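Notes for the structure review
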Amino acid sequence: MLDRTAAPAVEVRGLTKTYGPVTALRDVSVSIAAGEYFVLLGPSGGGKTTLLRAIGGFHRPTAGEILLHGKEVGHLPPDKRPTTMVFQAYALFPHMSVAQNVGYGLKVAGLPKAQIADKVAQALEMVSLSPFADRRPHELSGGQQQRVQLARAFVLDRDILLLDEPLAALDAQLRKDMCLELKHLQEKVGITFIHVTHNQEEAMTVADRIALIANGDLVEYGGARDIYRAPDKAFTAGFVGENNLLAGRVAGLSGDSVAVDVADARLRIDRRGLRVAEGQEVTLSIRSEAVRLSRDTGHLEGQSIAGTYTESVYLGLTTSHRVRLSDGTEMVAREISERDDAPAPGTPVVLSWAPGTARLHVE
Ligand code: ADP
Ligand code: MG
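Figured I'd write up the structure that's included with this text. For clarity, every value in this text was computed on a predicted model and none was experimentally measured. (Residues numbered from 1 in each chain as written. Chains lettered and ligands numbered in written order. Predicted model: local features only at pLDDT ≥ 70, side-chain atom pairs only at ≥ 80, totals over all residues. Heavy atoms only, no water.)

1. Comments concerning the sheet that holds strand S20 (residues 359-361)
Pairing is antiparallel across the open sheet formed by 5 strands, whose spatial order is S13-S12-S11-S14-S20. The sheet is open, and its two edges are formed by strand S13 (265-270) and S20, each paired on a single side. Sheet twist, expressed as the average angle between the axes of neighbouring strands with direction ignored, equals 45 degrees. Across 5 bridges, strand S11 (residues 243-254) lies against strand S12 (residues 257-262) in antiparallel orientation. Within the sheet, the bridge partner assigned to Ser 254 lies in S12 and is Ser 257. (Pairing = 2+ DSSP bridges. Helix = DSSP H or I, 4+ residues; strand = E, 2+ residues; numbered from the N terminus. Axes fitted to C-alpha atoms, helices over the stretch in contact; angles between N-to-C directions.)

Structure (structure tokens):
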């Protein structure tokens, strides 16, 4: 259960981690609520694993601090933190049954047998694996093995689960199924999940909130839908969804609106409270599915731009219509594949969008 009144499950303040000349993380601060499904998303090498492992206590940060449930944990080793790491490779003991695998941590901790049996039964119930308690790992599917790992984390009563690319080893279909399963499990158990992935669809499927991490920086973080629909930074727009990124120059300001010159069009766009000056170079982002294609080259009034049709790419459910602007920029309008009348290459066309769909970025 999401509890915003309690101390955050995780509070990271000014975290920096360097490896010799490499800065893996640079002054990262983020707060994760108890009971939240939080995703660290970004390109490979960006610093996601470094952040996750810092939270779990697997390395010492170069600077900054980490509070778990309000307590500073810098001095605590992994097994003294309320965190547990789920590893990507299925780290199950092949010679032990599912139940023995799940109970192993408790046995090591010296719990009485009856208590272990209870907890294991509960955990297996939680991940819908009760009928499989006596099987060996090799008699399970990949997805089921993953659930054994989750059950193993649950019995330890750690309430912050760290998952580093937990689905990366699975094939596409299983990945989708497991993704939803993880989401449902988290809702059911109500503990905090912090899930690392470079896959934005996976992130959108499971996350309450998403943090974008790239080049050692936490670029921005927010609700999964907000990150998709209303990214603050151009980088986020480029990484999440399929956005058209357009380079432009500020031509004028009037109240809440900015005139931006892109190719041969003057676009009108919401200023979003950003500080911009005339002549400044900015980036606009417009999601491809928000762009409409038409042959009507008549009207150009701030939410549209003219170009030349180059090609259509049929993707099944949707078709991408590619259009070249006068400055050579390629734009994409993505529509449900229902029309069979794509313009011929070379046809002059107009791309347009609803007011408020295009976003202004200054970095
Ligand atoms: P991600 O998980 O986003 O792919 P990582 O956190 O693994 O990124 O890595 C971030 C950066 O830190 C990379 O440039 C990586 O090469 C570097 N790095 C990570 N761990 C180490 C290490 N133990 N020694 C040296 N460099 C490292
Ligand atoms: Mg990683």
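2. Some words on the environment of Arg 249
Assignment of secondary structure puts Arg 249 in strand S11. Between the alpha carbons of Arg 249 and Leu 25 there is a distance of 32 Å; along the sequence they are 224 residues apart. What Arg 249 contacts, discounting residues up to four positions off in sequence, is Ala 259, Val 260, Asp 261, Gly 279, Gln 280 and Glu 281. (Contact = heavy atoms within 4.5 Å.)

3. Some points on empty space enclosed by the protein
The tally for this structure, following the rule as stated, stands at 1 cavity of 30 Å³ or more. Of the pockets and cavities examined, the largest cavity occupies roughly 50 Å³. Along its surface, the largest cavity is lined by Tyr 228, Arg 229, Pro 231, Asn 243, Ser 285, Ile 286, Arg 287, Ala 290, Thr 357 and Arg 359. Elements represented by at least two residues in the lining of the largest cavity include exactly helix H7 (224-229) and strand S14 (281-287). Counting residues per element, the lining of the largest cavity draws most heavily on S14, which supplies 3 residues. Looking at the lining of the largest cavity residue by residue, the classes come out as 4 nonpolar, 3 polar and 3 charged. Two domains each donate at least three residues to the lining of the largest cavity, and these are domain 1 (10-234) and domain 2 (242-361). (1 Å grid on protein atoms, 1.4 Å probe; cavity = no way out; pocket = protein on both sides within 12 Å on 5 of 7 lines; lining within 4 Å. Points joined across faces, edges and corners; volume = space filled by probe spheres on them. Nonpolar A, V, L, I, M, F, W, Y, C, P; charged D, E, K, R; others polar. Domains from an automatic or database assignment.)

4. Focus on the layout of surface pockets
Which parts of space are left empty comes out when a probe the size of a water molecule is rolled across the atoms. A volume near 480 Å³ is recorded for the largest pocket. Lining the largest pocket are 19 residues, and of these Thr 84, Met 85, Arg 152, Leu 156 and Arg 158 sit closest to its centre. For the lining of the largest pocket, the secondary structure elements donating two or more residues are strand S6 (83-86), helix H2 (98-108) and helix H4 (142-155). Per element, the largest residue contribution to the lining of the largest pocket is 4 residues, and it comes from S6. Each residue belonging to the lining of the largest pocket can be placed in one class, and the counts come to 10 nonpolar, 6 polar and 3 charged. What the second largest pocket holds in volume is close to 270 Å³.

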